Number of protein chains: 2
Amino acid sequence: MTGKKYVLEKAKSAKEASRRMTTIGTKVKNQGLEAMADALIDNMDFILSANRRDIENGKEKGLSQYMLDRLLLNEKRINEMADGLRTVASLRDPIGEAVKMWKTENNLQIGQIRVPLGVIGMIYESRPNVTVDAAALCIKAGNSVILRGGSEAINSNTALAEVIKKAALDNGLPKGCIEFIEVTDREAVNEMMGLNGYIDVLIPRGGAGLINTVVKNATVPVIETGVGNCHIFIDEGADLKMAEDIVINGKTQRPGVCNAVETILIHKNIASQILPKIAENLTSKGVELRGCQAAKEILKDIKLALEEDWATEYLDFILAIKVVDSIDEAIDHIFKYGTKHSEAIVTNDYSKAQRFLKEIDASAVYVNASTRFTDGSQFGFGAEIGISTQKLHARGPMGLEELTTIKYIIYGEGQIRE
Amino acid sequence: MTGKKYVLEKAKSAKEASRRMTTIGTKVKNQGLEAMADALIDNMDFILSANRRDIENGKEKGLSQYMLDRLLLNEKRINEMADGLRTVASLRDPIGEAVKMWKTENNLQIGQIRVPLGVIGMIYESRPNVTVDAAALCIKAGNSVILRGGSEAINSNTALAEVIKKAALDNGLPKGCIEFIEVTDREAVNEMMGLNGYIDVLIPRGGAGLINTVVKNATVPVIETGVGNCHIFIDEGADLKMAEDIVINGKTQRPGVCNAVETILIHKNIASQILPKIAENLTSKGVELRGCQAAKEILKDIKLALEEDWATEYLDFILAIKVVDSIDEAIDHIFKYGTKHSEAIVTNDYSKAQRFLKEIDASAVYVNASTRFTDGSQFGFGAEIGISTQKLHARGPMGLEELTTIKYIIYGEGQIRE
């Protein structure tokens, strides 16, 4: 079967299953998820041996240690996936909720009801746990899912998909509710991007290259995830210890993720007071600093930041520093270089806090807290399928609700329109 | 200025204005809308004379009477546009509403707050009132709008845009909040479709050709509107008089719109009883009937429906009729041919009503009411910018809320992530 026909068959199967999914109760979905968790534990060796092939291939291909670590599965990580499935099973089922219900003047009773999106296409890279996490969330929200992972994890993903799919089907979930694309060539992705009428939404997860390709080329609706060029603005009069803690946390707690801070903006009236402390703390943790002229005058031996530094999501132990004249300059800088992900102000000034919350256009805007909290689990969603950086449909961390849509149901008594 | 640069300048201006719009209060927006209404009345002659040029051009080009009527403005229609502006001014401002607000275990206070989408691009055809209606709704929801109407209405649209824009700017709304594209070549549309980073969402309104072009080619997120191949299923045991009234209303009250019914499905056990009455009533109103073999056996002299009839949105005085064995066959037919717009069942059977509401995948699903109610004004939204037939972001009639997004605002006390 050619790649194109192969993907279409998978999509048809997923679409057919999505019809069955709308009539399946919460209990069956939860039993399926629990069975998938059990199956991961029961098939630990099978999964680990598949993963070893990926790791060997990755070493041959010369993947970095960082990439190999993302790829690696072990007993602990498989247990975490199983725990994740059980957590999703324990979450409240979003389907069937009446978001609103009202009566019109002519006595129509109209309900806005939460229903599944239908078929969700996931296109993702490297980390094999996405195979399991995405399937769990999609199914709990009543959807079918088509999974297309990256080539470097193909053996791990295939094994994981096989195990959870069998458990799902053996426990009452419909055939086709989890479809896994075993071909890793580009043609499969191209085909998925054009399957309007079969796939209701595509969610790309991975590097900027993947996400841009999908956003630019898909005719199926896409939820854009990812890029976070996040800022922390330290206002004059801020609690300096608090500011320092938040900056250190935002940069070093896990620098490779989208909600880590990339540039700090510091009010000129406190720059010479706070910058040396922050710099000392950060450099002791191995962070390279790049500053504007004013920052460099205070810190001397740091690199001068270039225009491109302000626009870069380092995802690394590098931080850009800019001294600003006012909150206006800080807001303008974020407007110009921000990616609408997560932005924070550290301040003790009520009006400035409110201005920042109101004027910054981002999925999450913080006062006196680390940007690292933009995360479904930290927000209390229980799980997350990605972080939306677009404004349509979902914004910020996406949990179960974001994998649903609504429909209007209308109870009438024979009403016709005048 | 070339088309490309011209559109980019408009988009930059709209984006700049969208920043100002977030800080403008409800009172200023409402005063602007009221002033726009006054300006339409005050400039009646100016608008009507521009419209006369479009009508003359249309006649020269040989536009149909129907198209000319859609294009026509008169005192009554301009008054209606002004009334529409005042209605939008009277609606509750959706911006700033806390959709949810909660506290996490570590005492972060997280609010999900309704905010403007930013810059909305409208690409539309023929009816000039869209210029005014769309601008009103976008502004009330705190957005900037870029309007690009069809070539046949260019003089009317230009005049309307000029009048409302001046009134808006003279009354405190920011420069750029209404941008009108005066060029009607295709290049302007192409440019708008690729303006990621400037336009947050595109809403095409018009024929299937326009909508498909935008859905297929835009890299900016799109809300798909439009096509409605709507069905009414008449179950055995239905109130036959109610069924007849709903079918007549669904087909004839206004056949040229997307929520009009195109195919009726009739349970075989009541077909011979109800079909003759419905057929007599419809043909007396000039409706052409096309039926399946079983329907033709009852009604004799109607045309035989072809496969393509089931898939056609006639938007005309034509109705397809199919006799079905069961609700299952009806649901399967709608799954195969429906466009997920509006679907109705007429029944007195509780279980079938609930099954239909649950299993039909459409933006609006009715029991015992006409499909013609799928409309923002009928739903009580006060106004409508279109009817979404996609599942992402908005589904069904779109009012003010659908022109907003959310952002998370987080009040902290120095929290960092462990």
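Definitions and limits used
Residues numbered from 1 in each chain as written. Chains lettered and ligands numbered in written order. Predicted model: local features only at pLDDT ≥ 70, side-chain atom pairs only at ≥ 80, totals over all residues. Helix = DSSP H or I, 4+ residues; strand = E, 2+ residues; numbered from the N terminus. Rg over C-alpha atoms; globule rule 2.2 N^0.38 Å. Contact = placed C-beta atoms within 7 Å. Expected span 1.5 Å × (residues − 1). Buried ≥ 20, exposed ≤ 12 C-beta atoms within 10 Å, placed from the backbone. Arc of directions from axis to C-beta. Pairing = 2+ DSSP bridges. Axes fitted to C-alpha atoms, helices over the stretch in contact; angles between N-to-C directions. Least-squares fit on C-alpha atoms with pLDDT ≥ 70 in both. Domains from an automatic or database assignment. Nonpolar A, V, L, I, M, F, W, Y, C, P; charged D, E, K, R; others polar. Core = buried A, V, L, I, M, F, W, Y, C linked by C-beta atoms within 7 Å. Parallel < 35°, antiparallel > 145°, perpendicular 65-115°, else oblique. Left-handed = near helix turned anticlockwise from the far one by under 90°.

## What to know about the overall build of chain A
Scanning chain A from N- to C-terminus turns up 16 helices and 16 strands. Taking 22 Å as the expected radius of gyration for a compact globule of 418 residues, we find that chain A reaches 24 Å, a close match to that expectation. Taken over the C-alpha atoms alone, chain A extends approximately 70 × 70 × 35 Å along its principal axes. Taking contacts inside chain A between residues at least 6 apart in sequence as the whole, the part at least 24 apart equals 72%.

## A closer look at helix α5 (residues 75-90) of chain B
All names here are of chain B. In this model, α5 (16 residues) spans 23 Å end to end at C-alpha, consistent with the 22 Å of a helix rising 1.5 Å per residue. Residues of α5 that are buried include every one of Ile78, Met81, Ala82, Gly84, Leu85, Val88 and Ala89, and no others. Buried residues in α5, looked at end-on, bunch into an arc of 150°, giving them a common side. α5 presents Glu75, Lys76, Asp83 and Ser90 as exposed residues on the side facing more than 90 degrees away from its buried surface. Check the buried side of α5 and you find it contacts α2 (26-42), α3 (44-61) and α6 (129-140).

## Concerning the sheet that holds strand β6 (residues 201-205) of chain A
Residues and elements named next belong to chain A. The four strands are arranged β5-β4-β3-β6 in an open sheet whose pairing can be described as parallel. Either end of the sheet is taken by a strand with one partner, and the two such strands are β5 (178-180) and β6. The sheet shows a mean angle of 20° between the axes of neighbouring strands, taken without regard to direction. Relative to β5, strand β4 (residues 144-148) is paired through three bridges, and the arrangement is parallel. Pairing of leucine 147 across the sheet is with phenylalanine 180, part of β5. Contacts from helix α1 (residues 3-21) reach β3 (119-124), β4 and β5, with the element oriented near 150° to β4. Along the sheet face, helix α9 (residues 208-217) touches β3 and β6 and points at about 160° away from the line of β6.

## Focus on the relation of the copies chain B and chain A
Both copies of the chain are tied together by a single rotation about an axis and a shift running along it. If you rotate chain B by 180° and push it 0.0 Å along the axis, it lands on chain A with an RMSD of 0.1 Å. Taken together, the rotation and translation relating the two chain copies correspond to the operation of a two-fold axis. Closest approach to the rotation axis within chain B is made by the C-alpha atom of B:His393, at a distance of 1.8 Å. Looking at chain B, 100% of its interface residues are interface residues in chain A too, so the copies touch through the same face.

## Notes on the pairing of strand β8 (residues 261-267) of chain A
All names here are of chain A. Of all seven residues that make up β8, seven are buried, and the element is covered over most of its length. Pairing of strand β7 (residues 230-234) with β8, which is carried by five bridges, proceeds in the parallel orientation. Residue pairing across strands places isoleucine 232 opposite isoleucine 264, the latter belonging to β8. For β8 and strand β11 (residues 318-324), the ladder comprises five bridges, and the chain directions are parallel. By the bridge assignment, isoleucine 264 is partnered in β11 with isoleucine 321.

## With respect to the domain arrangement of chain A
Residue and element names in this part refer to chain A. The assigned domain composition of chain A is domain 1 (3-224 + 390-411) and domain 2 (230-378). Placing the centre of domain 1 and that of domain 2 at their C-alpha centroids yields a distance of 35 Å. At the interface, five residues of domain 1 touch five residues of domain 2.

## A look at the interface of chain B and chain A
At the interface, 59 residues of chain B touch 59 residues of chain A. Contributing elements (two or more residues each) for the side of chain B that touches chain A: α9 (208-217), α10 (240-252), α15 (350-359), β13 (364-369), α16 (376-379) and β16 (404-415) of chain B. Broken down by element, the residue count for the side of chain B that touches chain A peaks at eleven residues, all from β16(B). Of the residues belonging to the side of chain B that touches chain A, the class tally is 26 nonpolar, 19 polar and 14 charged.

## Description of the environment of B:Lys407
Looking at where B:Lys407 falls in the secondary structure, it is placed in strand β16. Linking B:Lys407 and B:Leu85, residues 322 residues apart in sequence, is a C-alpha distance of 28 Å. Apart from residues lying up to four places away in sequence, B:Lys407 is in contact with A:Ala362, A:Ser363, A:Val365, A:Arg395, B:Ile113 and B:Val115.

## Points about α3(B)
All names here are of chain B. Across its 18 residues, α3 extends 26 Å between first and last C-alpha, which sits within 8% of the 26 Å expected from 1.5 Å per residue. Burial in α3 covers these residues: Ile47, Ala50, Asn51, Asp54 and Ile55. Seen from one end, α3 has its buried residues packed into an arc of 150°, which puts them on one side. In this structure, α3 carries Asp45, Ser49, Glu56, Lys59 and Glu60 as exposed residues pointing more than 90 degrees from its buried face. Packed against the buried residues of α3 are α4 (65-71), α5 and α7 (154-170).

## A short note on the pairing of strand β16 (residues 404-415) of chain A
With eight bridges joining them, strand β2 (residues 109-116) of chain A and β16(A) adopt antiparallel strand pairing. Among the inter-strand pairings, A:Gln112 is bridged to a residue of β16(A), identified as A:Tyr408.

## Some remarks on the nonpolar core
Among soluble globular proteins, nonpolar side chains are generally buried collectively. With 259 residues, the main nonpolar core has A:Ile164, A:Leu202, B:Ile164, B:Leu202 and B:Ile410 as its most contacted residues. Setting aside residues no more than four positions away along its own chain, B:Ile164 makes contact with B:Met36, B:Ala39, B:Val132, B:Ala135 and B:Ile178.

## Considerations on the packing of α2(B) against α6(B)
All names here are of chain B. Two elements in contact, α2 and α6, have axes separated by 10 Å at closest approach and are oriented at 165°. The orientation of α2 with respect to α6, classified from their angle, is roughly antiparallel. Seen from above, α2 lies across α6 with right-handed handedness. Together, Lys29, Gly32 and Leu33 of α2 and Ala136, Ile139 and Lys140 of α6 make up the contact between the two elements.

## A short note on the sheet that holds β13(B)
The strand order across the open sheet built from ten strands is β1(A)-β2(A)-β16(A)-β13(B)-β12(B)-β7(B)-β8(B)-β11(B)-β9(B)-β10(B), with neighbouring strands paired in mixed fashion. A single partner strand is all that each edge strand has here, and the edge strands are β1 (98-103) of chain A together with β10 (303-304) of chain B. Two elements, strand β7 (residues 230-234) of chain B and strand β12 (residues 342-346) of chain B, share four bridges in a ladder whose sense is parallel. Residue pairing in the sheet places B:Ile234 in a bridge with B:Val346 of β12(B).

## A short note on the environment of B:Glu16
Assignment of secondary structure puts B:Glu16 in helix α1 (residues 3-21). Spatially, the C-alpha atom of B:Glu16 lies 28 Å from that of B:Leu210, the residues being 194 residues apart in sequence.

## A few points about the packing of α2(B) against α7(B)
Packed helix pairs are characterised by how far apart their axes lie and by the angle those axes make with each other. Residues and elements named next belong to chain B. At a minimum axis distance of 8 Å, the contact between α2 and α7 shows a crossing angle of 140°. The angle between the axes of α2 and α7 places the two elements in the oblique class. In this structure, α2 meets α7 at a crossing whose hand is right-handed. Where α2 abuts α7, its residues Gly32, Ala35, Met36, Asp38, Ala39 and Leu40 lie against Val163, Ile164, Lys166, Ala167, Ala168 and Asp170. Here the residues of the contact of α2 with α7 sort into eight nonpolar, one polar and three charged.

## Observations concerning the environment of B:Ile164
Tracing the backbone shows B:Ile164 in helix α7. As for B:Ile164 and B:Ala271, which are separated by 107 residues in sequence, their C-alpha atoms are 54 Å apart.

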